[in-house]
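Chains, contacts and geometry: an overview
Listed below are the residues making up each chain.
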Amino acid sequence: MGCRGSSEQKQREWKPLEDRSCTDVPWLIIFTLFCVGMAGIAGFSIYTGAASRLISGYDSYGNTCGQKNSKIQGVELSGRDQTDNKYVFFLDPCNIDILNRKIKSMALCVSRCPDRELKTYTDIKKFALQNGSELCSYDIPVSKYPSHGERSKKCPKLPVPPSKSLPVFHRCTPVDISCYAQFAEAFVTFVSDNSMLHRVVAGVMASKEIIMGLCVLALVLSIILMVVIRYISVVLVWMLTALVVLGSLGGTGVLWWLYVDHRTNLTDQTGTTPTPQQQVATDNVQALLVYAVIATVFTVILLLLLFFMRKRVALTITLFHVAGKVFTHLPLLALQPFWTFLSLMLFWVSWLGVFLFLGTTGSPVQSEETGLVEYRMSGPLQYMVWYHAVGLIWISQFILACQQMTVAGAVVTYYFTRNKSQLPMTPIVSSMLRLARYHLGTVAKGSFIITLVEIPRLILTYIHNQLKGKENACARCMLKACICCLWCLKKCLTYLNQNAYTATAINSTGFCTSACDAFVILVENALRVATINTVGDFVLFLGKVLIVSCTAFVGVLSLNYQRDYTVWVLPLLIVCLFSWLVAHCFLSVFEIVVDVLFLCFAVDTKHNDGSPGREFYMDKALMEFVENSKKMARRDRPETDGDGGEMKPTTHGGGTFA
């Protein structure tokens, strides 16, 4: 189960797609047992009655609505027969605790929700006599509603708004949305009055067809961009390079011009009596000098890096070109975000349902402050919540890792198949089958490593949010630094895991061996990796911006044509957010394809040199890049041997080709 040493790596050779065996089987067993534990928690929460309390609800005395109840020791009004009272009614439904996300109000089981506004206690009494639905506490007779001394505490807050029952969860919910103005303002801070909120909601409802159409447009644009990016990558990359160079040179020039201008003005003022304004001007001149020197150093370093990495930028462009060809040969790659999103949504919905069941599992506890009953977990039950939370992270990471392994397997098959006409009928399906048969243990192990980093990061984030405004500046800085470091570690491990999955797809080795192999390859090609991850990521970012901009532009035209409403803010925000998420999902698959192609290319150039018996597997475009690199290497290093002949550059090894 641990990582093995490097002796095996030195003796073993890469054999793409030749041998296939099961990897990391112990971790598959551990993950299976963990999933069985998750299923056990779900069954326990349903069996203990938590599901009925969640769906039917319970009152403030521990009685579950819609059924007979047992007596709770120490609670006088518990153990009531609530078979006819199927709905939960809150005496003050608008008293919302935003921090704890719950209603701070006494709850009762009633037979009917009030369907009209009740302005006085007499109206409440008449409603109870007419419908048999008692809206005050059980210990207050209906006849005493208008005159009882504790009616302000044990009867609804006046006026009682009309309400309806939720379709599945039997809670009486106020019909008027203005009741939740305070809650809405906590999330929508720009809403200052209810009319604004109503206009925004009306705008969304009136434009729902346009919103759906624009979301489909973002989906189509993302798929088209993945195919055509091979043709525009050259323009995007060199446009980016030109903008960066011009921006750095222009910024440096402006800083030096400002420095000279301020220094000239300061020199003209010398000889006069020093004033506070002159001291400020002197400080500004010194600051501008520092900024100009820093900008100059940065610009020089940037230009040198661009000069020495220009050939590696060409590799990035070539990889983007080949990645576009991969999508034309493997069109089912475009469906990967769909099944991943569907799998995550199904898991998250089921996880949330079990979490809500767990929230009502436990023993009834009477609050010392209010005397009301709440169900709280104690003892071993508390650990179920933590186990369930770990399951959320691990299984979510497992699903994402399955997508990475599936894409890697399909791209590896494409790359290392010399005759593309001999590709499997559906390489994606073949990759999924190989994953399910051989490599689920590797995926489970890699996702668990990410989970180990994610858990402390989330805990520290939760602590930071809970202590916001209470901790001192030093503690706040330390927490943020730790959170940032863990986030960076997670990003690095995610990238290494992805390359480890690619190595597993190539050579069918365990996670640790694959991670070591991939790490060695990445270190040997560090400059190439840096170029691809900077230039390539920015090109993909520009692609996302392009999709969002086009979708937003069409959205503005469509909303301008449809004039049934006046507020465009929320519909456009929804469209832009969804288009960004869609573009991110699809272009992240494109990014995975580029990374997999690069690792395959690095392995190919390291173990093959194009000679008979050691032919390259690479695409024609990559082959042209290698040939151009050879020519440039010969031109740049015209060394001669002892006989005066020109020495040939070594072609075995990835370090030869820049």
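This is a predicted model, so every value here is computed, not measured.

**Notes on the confidence of the model for the chain**
Note that predicted coordinates carrying low pLDDT should not be read in detail. Mean pLDDT for the chain: 77, with 79% of residues reaching 70 or above. Contacts of residues 4-12 to residues separated by more than four positions or lying in other chains number 11 contacts, the stretch itself having pLDDT below 50. Across residues 639-658, where pLDDT falls below 50, the model places 36 contacts with residues more than four positions away in sequence or in other chains.

**Describing the nonpolar core**
Among the nonpolar cores identified, the biggest contains 58 residues, and V326, Y415, F590, V593 and L597 are the most heavily contacted of them. For this core, the secondary structure elements donating two or more residues are α8 (208-268), α10 (310-329), α12 (381-415), α14 (473-507), α16 (526-561), α17 (569-607) and α18 (620-636). For this core, the leading source of residues is α17, giving 14 residues. When neighbours within four sequence positions are excluded, V593 is seen to be in contact with A323, V326, F327, L333, V407 and V411. In this structure, L77, F89, C109 and Y121 belong to the second largest nonpolar core, which totals 32 residues.

**As for unusual backbone geometry**
In the segment running from L158 into P159, the intervening peptide bond is cis, with an omega of -15 degrees. As for its position among the elements, P159 is in the loop between α5 (151-154) and β5 (163-165). The phi torsion at D24 lies on the positive side, around 50 degrees, for a residue other than glycine. On the secondary structure map, D24 appears in the loop between α1 (7-11) and α2 (25-47).

**What about helix α4 (residues 121-131)?**
Where α4 is concerned, the buried positions are Y121, I124, F127 and A128. Considered in projection along α4, the buried side chains sweep an arc of 115 degrees and stay on one side of the axis. Residues of α4 that are exposed and angled more than 90 degrees away from the buried face: L129 and Q130. The elements touched by buried residues of α4 are α5.

**Comments concerning the state of the cysteines**
Here the structure, examined in full by the defined rule, presents three disulfides. The disulfide partner of C113 is C172, and the gap between their sulfur atoms is 1.9 Å. On the S-S bond that ties C113 to C172, the torsion sits near -80 degrees, and the link is left-handed. Separated by 59 residues along the polypeptide, C113 in the loop between β4 (107-110) and α4 and C172 in strand β6 (residues 172-174) bring together distant segments of the chain. The thiol of C482 is unpaired, and the distance to the nearest cysteine sulfur, on C485, comes to 6.5 Å.

**Comments concerning the pattern of salt bridges**
For the structure shown, the criterion picks out seven salt bridges. Ionic pairing is found between K154 and E150, a salt bridge with its closest N-O pair at 3.3 Å. Residue E150 is classed as partly exposed on the basis of its relative accessible area, which comes to 37%. For K490, the salt bridge identified is with E454, shortest N-O distance 3.4 Å. In this pair, K490 sits in helix α14 while E454 sits in helix α13 (residues 427-466), placing the two residues 36 residues apart along the sequence. Classification of K490 by relative accessible area gives buried; the value is 18%. Among the ionic contacts, a cluster of salt bridges with common partners joins R112, D115 and R116.

**Brief notes about a nonpolar patch on the surface**
A grouping of V216, V220, I224, V227, V228, Y231 and I232 is seen on the molecular surface, where their side chains present a nonpolar patch of about 560 Å² in accessible area. Locating Y231 in the fold gives a position in helix α8. According to the relative accessible area criterion, Y231 is exposed, its value standing at 55%.

**Describing the layout of surface pockets**
Over the atoms, a rolling probe the size of a water molecule traces out where space has been left empty. Computed from the structure, the second largest pocket encloses a volume of approximately 1200 Å³. Lining the second largest pocket are 37 residues, with Q404, K491, T494, H584 and S588 sitting closest to its centre. Taken together, the residues of the lining of the second largest pocket sort by class into 17 nonpolar, 13 polar and seven charged.

**Digging into empty space enclosed by the protein**
The final tally for this structure, using the stated rule, is five cavities of 30 Å³ or more. Residue lining of the largest cavity: F320, I532, N533, G536, D537, L540, E591, V594 and D595, and that is the complete set. At the level of elements, α16 and α17 are the ones that each hand at least two residues to the lining of the largest cavity. For the lining of the largest cavity, the element with the highest residue contribution is α16, accounting for five residues. Looking at the lining of the largest cavity residue by residue, the classes come out as four nonpolar, two polar and three charged.

**Considering the side chain of K544**
Examined against the element boundaries, K544 turns out to sit in helix α16. It is E591 that comes nearest to the buried, bridge-free K544 among opposite-charge side chains, at 5.7 Å. One polar contact links K544 to H584, side chain to side chain, over a distance of 3.0 Å. Sequence-distant contacts of K544, defined by excluding residues within four places in its chain, comprise W580, A583, H584 and L587.

How each quantity is defined
- Residues numbered from 1 in each chain as written.
- Predicted model: local features only at pLDDT ≥ 70, side-chain atom pairs only at ≥ 80, totals over all residues.
- Heavy atoms only, no water.
- pLDDT = per-residue confidence, 0-100.
- Contact = heavy atoms within 4.5 Å.
- Core = buried A, V, L, I, M, F, W, Y, C linked by side-chain atoms within 4.5 Å.
- Buried < 20%, exposed > 50% of the residue type's maximum accessible area, 1.4 Å probe, protein only.
- Helix = DSSP H or I, 4+ residues; strand = E, 2+ residues; numbered from the N terminus.
- Arc of directions from axis to C-beta.
- Disulfide = S-S within 2.5 Å.
- Salt bridge = Lys/Arg side-chain N within 4 Å of Asp/Glu carboxyl O.
- Patch = residues over 30% accessible without salt bridge, like charges linked within 9 Å, V, L, I, M, F, W, Y side chains within 5 Å.
- Areas by Shrake-Rupley, 256 points an atom, 1.4 Å probe, with all protein chains shown as cover.
- 1 Å grid on protein atoms, 1.4 Å probe; cavity = no way out; pocket = protein on both sides within 12 Å on 5 of 7 lines; lining within 4 Å.
- Points joined across faces, edges and corners; volume = space filled by probe spheres on them.
- Nonpolar A, V, L, I, M, F, W, Y, C, P; charged D, E, K, R; others polar.
- Lys, Arg positive; Asp, Glu negative; His and termini not counted.
- Polar contact = N/O pair within 3.5 Å; in protein donor to acceptor, adjacent residues only side chain to side chain.

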